[in-house]
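Observations on chain architecture
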Amino acid sequence: MTKAAERSWPRRRRVVALVVLVAAVVVTVNVTRHRSSGPPTSPCGAPAGSYRVEGSQIVSSSGKVFVPYGMTVFGLAYPRWAETVKSDDAQINATATAWHGNTVRLQVAPTILLGQSPFDASFLAALEGEVCTAEAAGLNVIISAQYEATSHIAMADAGTAEFWKIVSGIYKHDQHVWFDLFNEPRLFPTTRLTRTPAALWDLWRNGGHGYTGMQALLAAVRAEAPENIVLAQGTEGAQSLTGLPRYELTGQNIVYSIHPYFDDGPEQPSPAAWTRNWGDLSAKIAIIVGEWSEFKSNGHSCVRSAPTLVPEFLNYLTAHRIGLIAWALVRGVLVRGNSLTDPTTFPVDSPFTCSPTQLKFNTEGAGALVMSYFARQARSR
């Protein structure tokens, strides 16, 4: 990620906050469902089947290669989460039906779960409910630790490890639930603590300066859940995996996640750039595009060449057998209006522009291409 992209993080947080505000004003919900009494246990039962990582592929218990694709749902990442659970459920079900997905990624705020001692029971009930909704729809679930709306830490801390002890203990017998350790580590070569690539990746893996490294987070999960697949996102806001395999985590069933939002900076997005930053590793280690989107905005996730670049990007993922979790089924991003089945499109008779726009009025983006791509993936199962 370039310095210009790094500076664009505040704009991206404002975009996300606007999406949440739009959802919050139209949704109310009762979140008392699926609450177990006593110590937390899996509320949905464990669906049949399991997954393991073999070399660079995720393999199901039937021996078939599994390529995850679907949507990110982020209501549980925000302080007003109780107002968005109904909307989350609708997005989960739409992922499985209209969008032909096989996986949903739930962004969850550890600071909210741990806001009460020993944990916030109503918040945990909401998480349990969304996992049950997803599994009932035939989806696998990725639970992702998300801090951007409740804290601005650049990397995990001790609270993150405590969060995973609770959550992984609940789903340790459910191999359809995977754990995404920390959303978008904001470790850059330009920051004070990580002025060299070696220092950056050492902090990412081993921690230090008050941060908890990915290896320690993995250990917290494995103490409770020895088999579930775990995702570890790369550095520079999850845009780079260039430090692997030298700093590869020790353990099994690990998938590395990349968030390759397009960047209209000095290094233009291209197959060469994708290969250099993460694609060349896909033959050696398991990789997933754990979050990505393209829609009209003034942020770093928008490039004017998107109408031709998006198909090229999707073809690149297919060729490398890399899964894709898109962001997100909310108005103005991948869907045009209130309908979760009405995808955004790129303009036909005029150029695609990257300009300021109110999300609720935006109809331009990659939604239709993503929907078509997921449908093709579903047909090839």
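In what follows, the structure referred to is the one given above.
Conventions used here
Residues numbered from 1 in each chain as written. Predicted model: local features only at pLDDT ≥ 70, side-chain atom pairs only at ≥ 80, totals over all residues. Heavy atoms only, no water. Salt bridge = Lys/Arg side-chain N within 4 Å of Asp/Glu carboxyl O. Buried < 20%, exposed > 50% of the residue type's maximum accessible area, 1.4 Å probe, protein only. Disulfide = S-S within 2.5 Å. Helix = DSSP H or I, 4+ residues; strand = E, 2+ residues; numbered from the N terminus. 1 Å grid on protein atoms, 1.4 Å probe; cavity = no way out; pocket = protein on both sides within 12 Å on 5 of 7 lines; lining within 4 Å. Points joined across faces, edges and corners; volume = space filled by probe spheres on them. Nonpolar A, V, L, I, M, F, W, Y, C, P; charged D, E, K, R; others polar.

Moving on, we come to the pattern of salt bridges. For the structure shown, the criterion picks out 6 salt bridges. For Glu54, the salt bridge goes to Arg52, with nearest N and O atoms at 2.5 Å. Look at Glu54 and you get partly exposed, because its relative accessible area is 42%. Note on Arg52: relative accessible area 33%, which makes it partly exposed. Residue Arg80 pairs with Glu83 through a salt bridge whose shortest N-O separation is 2.8 Å. Overall, the relative accessible area of 42% leaves Arg80 in the partly exposed class. Take Glu83: its relative accessible area is 27%, and that puts it in the partly exposed class.

Moving on, we come to the state of the cysteines. For the coordinates displayed, the defined rule picks out 2 disulfides. Here Cys302 connects covalently by a disulfide to Cys354, the sulfurs 2.1 Å from one another. What sets the handedness of the Cys302 and Cys354 disulfide is the S-S torsion sign, and at about -85° it is left-handed. One end of the pair, Cys302, is in the loop between β9 (287–292) and α11 (306–320); the other, Cys354, is in the loop between β10 (323–326) and α12 (367–379), with 52 residues separating them in the sequence. For Cys302, a relative accessible area of 2% translates into the label buried.

Considering only enclosed or pocket space, the largest pocket measures out at about 480 Å³ in volume. Taken together, 22 residues make up the lining of the largest pocket; nearest its centre are Val65, Phe66, Val67, Asn102 and Arg381. Listed by contribution, the elements that provide at least two residues to the lining of the largest pocket are α11 and α12. Classifying every residue of the lining of the largest pocket gives 9 nonpolar, 10 polar and 3 charged.

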